[in-house]
Amino acid sequence: MHRGRILFISTGLCVGLVAVAVGGGKDADAAVGPPSWIDHPKSDDSVFLYRVGHSGGHRDQAAAQQAAYRNALAVIVDEMLARSGVDECLRPDVAANLPVQNAETVPGAVYTETNQVGFVCWVQVSFPLAEKAKLLERIEPEKQRALERVAFDRHIVALFSEARAARGRGEYESARTNLQAVIQNYARLRVPPFELQEAQVLLGDTYGAQRDFLAARQCYEGVVQNPAAAKWKDTAAARLKTLPKAPRSWPLNDRWRGRKVALVCAVRDVGQPPRPFTALAGVLGRDLRESRLENADVTGEIKADAIAAFSEQRSIAAAGEVARREGSRVVLAVLLTTDPSKRGQTQETMGIAMPVADSEIAFWIVDVDGATVCYSDHFSDIAGTRSESRLAERVASILLENYLVPKCPALAPAP
């Protein structure tokens, strides 16, 4: 009995010692906790001001420290803005244009912890008072610019609201003018309360109400072709189906970016110099105008040997020079070469006498800005005894329907 009591007391003493040891460990950890500078940063002196930044929830320790540093800079800027009387609603816009320079982390003033979310970090930075003075000088001009941006945003949003109201009242000209201004300036809005595609669809509706169906089509197609316009794509596609059929060369308006076209259309017999193919230029010009592509026939301004060099050596210098002089940024050049010796000839194919092609039509699309031939090809046909006007209609149809519309690539954006 006595021995049992001694064993019980000894065991209790051991447990007590372990408890004391564990308790002492907790007290030691607590002593290593967050440093005092987090709640009580270093006081400003005659050279620097000192501020603390904080971040949390980062998976990477370096990222947490960098975020805390940026937060400290934001604290400095916000304090300067408040001292300068900048309204809170303007501060983010003004702060975005106020870089804090020469701020440095105070040596030994970085503290990081971990929790279930990730790393939590505090950083104390020093900021030179000389830089603070420069920062304060920049605030007022930036504040005025921010006020101008706010006024601009309000103006564009008001234009959009007015356009919708005018469209509802049937005041289409007013709605169109306002919507054009909204779309043109949309990219400058900081936080637009409506989507660009909504304005584009509404402008298309307005053009449609004015029976300007090609302009309406252009608006709707811009939305349909925009991969970022998912919300409005179906609406625009449905509107497109209600419009009259577009001219056959309409896709070229988009691919050539609405640029003026210089036409170089020539015809020749084998071994002879080229001469203007005026009838073909007339047909192509008519088609392009129907698709709202301004154009000019410049064939007569280019010498025959230059046209021959264009076709044989792909020398586009002469055509490009004339096009620029005429204000054109695209050249559509076509050269029809006829071999009179083949006219009316036939050849047997699978026991059937078939006419022999007596003409070769070559064409080139020149990007004047880039000084490059961006698309070219050729095809054979039978000119026979067709008049030039009938031949021009046939060549233009094959050229547009079989080559340019289905195959011509889009020109590069303007430099």
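Residues numbered from 1 in each chain as written. Predicted model: local features only at pLDDT ≥ 70, side-chain atom pairs only at ≥ 80, totals over all residues. Heavy atoms only, no water.

Enquirer: Got a minute to help me understand the pattern of salt bridges in this structure?
Expert: When the charged atoms of two side chains with opposite charge come close together, those side chains can pair. In total, this model carries 27 salt bridges according to the counting rule given. The residue Asp93 makes a salt bridge to Arg149 at a minimum N-O spacing of 3.1 Å. Here Arg149 lies in helix α4 (residues 129-169) and Asp93 lies in helix α3 (residues 91-95), a separation of 56 residues in the sequence. According to the relative accessible area criterion, Asp93 is buried, its value standing at 11%. Here Arg275 and Glu388 are joined by a salt bridge, their closest N and O atoms 3.7 Å apart. Separated by 113 residues along the polypeptide, Arg275 in strand β5 (residues 275-276) and Glu388 in helix α13 (residues 388-407) bring together distant segments of the chain. In the salt-bridge network here, residues are joined through shared partners; they are Arg248, Arg286, Asp287, Glu393 and Glu401. (Salt bridge = Lys/Arg side-chain N within 4 Å of Asp/Glu carboxyl O. Helix = DSSP H or I, 4+ residues; strand = E, 2+ residues; numbered from the N terminus. Buried < 20%, exposed > 50% of the residue type's maximum accessible area, 1.4 Å probe, protein only.)

Enquirer: Looking at this structure, how should I read the environment of Ala238?
Expert: Topologically, Ala238 is positioned in helix α8 (residues 230-241). Between the alpha carbons of Ala238 and Ile307 there is a distance of 46 Å; along the sequence they are 69 residues apart.

Enquirer: Is there a simple way to explain unusual backbone geometry in this structure?
Expert: The general pattern is negative phi for most residues beyond glycine and trans for most peptide bonds. For Arg211, which is not glycine, the phi dihedral falls at a positive 65 degrees. Note that Arg211 resides in the loop between α6 (196-209) and α7 (213-224). We classify Arg211 as exposed; its relative accessible area is 62%. Positioned with a positive phi, Arg257 is a non-glycine residue whose angle comes to about 55 degrees. Mapped onto the elements, Arg257 comes out in the loop between α9 (251-255) and β4 (261-269).

Enquirer: In this structure, what is going on with the sheet that holds strand β3 (residues 119-128)? I would like to understand it.
Expert: The strands making up a sheet associate through backbone hydrogen bonding, with each pair oriented either parallel or antiparallel. With respect to topology, three strands assemble into an open sheet ordered β1-β3-β2, the strand pairing being antiparallel. Sheet topology places β1 (48-58) and β2 (104-114) at the edges, where each strand pairs with a single neighbour. The mean inter-strand angle of the sheet, taken between neighbouring strand axes irrespective of direction, is 15 degrees. Alignment of β1 against β3, held across nine bridges, turns out to be antiparallel. Paired with Val52 across the two strands is Gln124, which belongs to β3. Docked against the sheet, helix α2 (residues 61-83) engages β1, β2 and β3, running at close to 135 degrees with respect to β1. This element, α4, spans β1 and β3 of the sheet and lies at about 90 degrees to β3. (Pairing = 2+ DSSP bridges. Axes fitted to C-alpha atoms, helices over the stretch in contact; angles between N-to-C directions. Contact = heavy atoms within 4.5 Å.)

Enquirer: Sorry, what's going on with the packing of α4 against helix α5 (residues 172-185) here?
Expert: The relative placement of two packed helices is expressed as an angle between their axes plus a distance between the axes. Relative orientation of the contacting elements α4 and α5 amounts to 145 degrees, with a least axis distance of 8 Å. Pair α4 / α5 crosses with left-handed handedness. Counted together, Phe152, Ile156, Leu159, Phe160, Glu162, Ala163, Ala166 and Arg167 of α4 and Tyr172, Ser174, Ala175, Asn178, Leu179, Ala181, Val182 and Asn185 of α5 form the full contact between these two elements. In terms of residue class, the contact of α4 with α5 is made up of eleven nonpolar, three polar and two charged. (Left-handed = near helix turned anticlockwise from the far one by under 90°. Nonpolar A, V, L, I, M, F, W, Y, C, P; charged D, E, K, R; others polar.)

Enquirer: For this particular structure, what's the right way to read α2?
Expert: Helical periodicity: at 3.6 residues per turn, an α-helix aligns residues three or four positions apart in one direction. Over its 23 residues, α2 runs 33 Å from end to end, which matches the ideal 33 Å to within 8%, given 1.5 Å per residue. When α2 is considered as a whole, its buried residues turn out to be Ala64, Ala67, Ala68, Tyr69, Ala72, Leu73, Ile76, Val77, Met80 and Leu81. Elements in contact with the buried residues of α2: β1, α3, β2, β3 and α4. With a side-chain oxygen lying 3.1 Å from the backbone nitrogen of Ala62, the N-terminal cap of α2 falls on Asp60. (Expected span 1.5 Å × (residues − 1). Polar contact = N/O pair within 3.5 Å; in protein donor to acceptor, adjacent residues only side chain to side chain.)

Enquirer: Please explain the packing of aromatic side chains as it appears in this structure.
Expert: Remark: the centre distance and the inter-plane angle together describe each pair of aromatic rings, the angle taken between the planes. A complete count under the given rule lists seven aromatic pairs for this structure. Consider the rings of Tyr111 and Trp122, whose centres lie 5.8 Å apart with planes at 35 degrees: the pair is tilted. With a gap of eleven residues between them, Tyr111 in strand β2 and Trp122 in strand β3 connect regions that are remote in the sequence. Exposure remark for Trp122: the relative accessible area of 17% places this residue in the buried category. Every member of this aromatic cluster is reached through a ring pair, and the members are Phe363, Tyr375, Phe379 and Tyr403. Lying over the aromatic face of Phe152, Arg188 brings its terminal NZ or CZ to 4.0 Å of the ring centre. (Phe/Tyr/Trp six-rings, centres within 6.5 Å; stacked < 30°, edge-to-face > 60°. Lys NZ or Arg CZ within 6 Å of the ring centre and 35° of its normal.)

Enquirer: For this particular structure, what's the right way to read helix α12 (residues 317-325)?
Expert: Of the positions making up α12, those classed as buried are Ala319, Gly320, Val322 and Ala323. Projected down its long axis, α12 carries its buried residues within an arc of 165 degrees, all on one side. Opposite its buried face, α12 presents the exposed residues Ala317 and Arg325, each directed more than 90 degrees away. Looking at the residues trailing α12, positive phi occurs at Gly327, about 80 degrees. (Arc of directions from axis to C-beta.)

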